[in-house]
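# Notes for the structure review
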Amino acid sequence: MRILYLSQSRIPSSSANSIHVVKMCSALQERGADITLLGYRGTNSRSIEDYYDISSQLKIIRFPIKESTGESIKLAVYSRLWKTFKSGHNKFDLIYSRSAICLYANLNDKTPFIYEVHSTPRTSFHYFLEKRIIENTYLKKIVFISEQLRSWYLNKYTHLEPGNTLVLPDASDHFKNKKNDFNLTGNSHYKVGYVGHLYPGKGGELIVDLSTKLPFVDFHIVGGREQDILRLRDRSHSDNLYFHGYVPYADTKKYLDTFDIVLAPYSEKVYLAKTDAEIGNWMSPLKLFEYMSARKPIISSDLSVLREVLENEKNALLAKPESVEDWASCIRRLIDNPELKTSIANQAFQDFESNFSWTKRAQKVIDAINT
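A quick note: this is a predicted structure, and the numbers were derived from the prediction, not measured.

Calculation rules
- Residues numbered from 1 in each chain as written.
- Predicted model: local features only at pLDDT ≥ 70, side-chain atom pairs only at ≥ 80, totals over all residues.
- Heavy atoms only, no water.
- Pairing = 2+ DSSP bridges.
- Helix = DSSP H or I, 4+ residues; strand = E, 2+ residues; numbered from the N terminus.
- Axes fitted to C-alpha atoms, helices over the stretch in contact; angles between N-to-C directions.
- Contact = heavy atoms within 4.5 Å.
- Parallel < 35°, antiparallel > 145°, perpendicular 65-115°, else oblique.
- Left-handed = near helix turned anticlockwise from the far one by under 90°.
- Nonpolar A, V, L, I, M, F, W, Y, C, P; charged D, E, K, R; others polar.
- Buried < 20%, exposed > 50% of the residue type's maximum accessible area, 1.4 Å probe, protein only.
- Salt bridge = Lys/Arg side-chain N within 4 Å of Asp/Glu carboxyl O.
- Core = buried A, V, L, I, M, F, W, Y, C linked by side-chain atoms within 4.5 Å.

### Looking at the sheet that holds strand 5 (residues 113-117)
Spatial ordering of the open sheet is given by 3-2-1-4-5-6-7, a layout of 7 strands whose pairing is parallel. At either end of the open sheet lies a strand with only one pairing partner, and these are strand 3 (59-62) and strand 7 (165-167). Across the sheet, the mean angle from the axis of one strand to that of its neighbour is 20 degrees, orientation sign disregarded. In the sheet, strand 1 (residues 2-11) pairs with strand 4 (residues 94-97) via 4 bridges, with the strands oriented parallel. Residue Ile-3 lies in a different strand from strand 4, and its bridge partner there is Leu-94. Against the sheet, helix 6 (residues 147-156) makes contact with strand 5, strand 6 (139-144) and strand 7, and its axis sits at roughly 160 degrees relative to strand 7, the strand it touches most.

Here it is, written out as structure tokens:
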């Protein structure tokens, strides 16, 4: 099966969007699909395979415009690109995309397509595009990253049939740390870690407050833009809080491997970078599945959308999003109770292996295509 994946991600880049897209393309390719990825050129000089730690080489075509180009121009360019594909020897069996504008530009074609959705429409224009996509007869499936997101769409779009939907949370690779001799600086025997961005709602402020509350624990934050790190440094007065800044995706595993406990401290409202789009009700964070794959004990915010994956006292401890005392109590529990720490880490890993690897996610998509 020949699949064209249309993406508006910069590749390579540190965005979760680009990680998801590349991992999904790689997994589909490993399951036998012939993948061509269309996306924007990234700024990192490392190869795609090295940057994202994938074994197979992807065929990537770059958009001939900048990412910041206006939407009307993008529509014209995407449409022309598709005509170029059609006029050549390229014949795709399926189009796959997370981009409504990319799919809309190709709706006149008779190629089946899958639309993957990670948040609700942010503008009336986006809503217009999605309505046309959902009404199109060549829509094969809409993939949602959470049940709550699917429910919202089923209520909003009357033309959307439940049988045309599929809920697939995000995923992770099997954890393979290539550098076992890596050591983190610190003064404590206990290392509590966070890997990811520090946008509003991601919980950076909570980690700063926890470092003050628990001076006998070292806290490590891996990732974040310089301006976000500076903002949190100004808030912090602790010498047990360490900022490691931006780390290429493939290199985050060596940090994750050293942590005793990992945190997913989301607020009730979580925002995307460079936008005011709030995703707290729909999200399926990549880091959760990477934590599960690494067999680490997870403390996560107790949010209904995260309870689609996590179960308190089973594969994670769930804490009130804004309660520093509740989070501190969970950390103390895991430090004082090694059996509980091991138990939830093992169950998280088993749940990952059963349901949340990229290869399993890709296979579920292929099965849906063939039904």
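### Let's talk about the packing of helix 10 (residues 286-293) against helix 12 (residues 338-355)
Helix 12 packs onto helix 10 with a crossing angle of 110 degrees between their chain directions and a minimal axis gap of 7 Å. By the criterion of interaxial angle, the relationship of helix 10 to helix 12 is roughly perpendicular. Crossing of helix 10 over helix 12 shows left-handed handedness. Where helix 10 approaches helix 12, its residues Phe-289, Met-292 and Ser-293 are matched on the opposing element by Ala-348, Phe-349, Asp-351 and Phe-352. When its residues are assigned to classes, the contact of helix 10 with helix 12 shows 5 nonpolar, 1 polar and 1 charged.

### Brief notes about unusual backbone geometry
Along the chain, Ile-11 connects to Pro-12 via a cis peptide bond; the corresponding omega equals 0 degrees. Relative to the helices and strands, Pro-12 is located in the loop between strand 1 and helix 1 (16-30). Non-glycine residue Asp-53 carries a positive phi angle of around 55 degrees. Relative to the helices and strands, Asp-53 resides in the loop between helix 2 (48-52) and strand 3. With a relative accessible area of 21%, Asp-53 lands in the partly exposed category.

### Describing the pattern of salt bridges
On inspection of all chains with the given rule, the structure shows 17 salt bridges. A salt bridge links Arg-46 to Asp-50; the nearest nitrogen and oxygen atoms lie 2.8 Å apart. The closest approach of N and O atoms between Arg-333 and Glu-313, which form a salt bridge, is 2.9 Å. Pair noted here: Arg-333 is in helix 11 (residues 324-336) and Glu-313 is in the loop between strand 12 (298-301) and strand 13 (317-319), with a separation of 20 residues, a long-range link. Overall, the relative accessible area of 36% leaves Glu-313 in the partly exposed class.

### Observations regarding the pairing of strand 4
Judged by which residues are buried, strand 4 turns out to be covered on both faces: Leu-94 and Tyr-96 on one side and Ile-95 and Ser-97 on the other are all buried. Bridging between strand 4 and strand 5 involves 3 bridges; their strand directions are parallel. Its bridge partner lying in strand 5, Ser-97 is registered against Tyr-115.

### Overview of the nonpolar core
With 58 residues, the main nonpolar core has Phe-219, Leu-263, Ile-299 and Ile-331 as its most contacted residues. For Leu-263, the residues in contact, after removing those within four places along its chain, are Val-192, Gly-193, Tyr-194, Ile-207, Leu-210, Phe-219, Lys-287, Tyr-291, Ile-299 and Trp-327. By size, the runner-up hydrophobic cluster in this structure holds 31 residues, among which are Ile-35, Ile-48, Ala-171 and Val-365.

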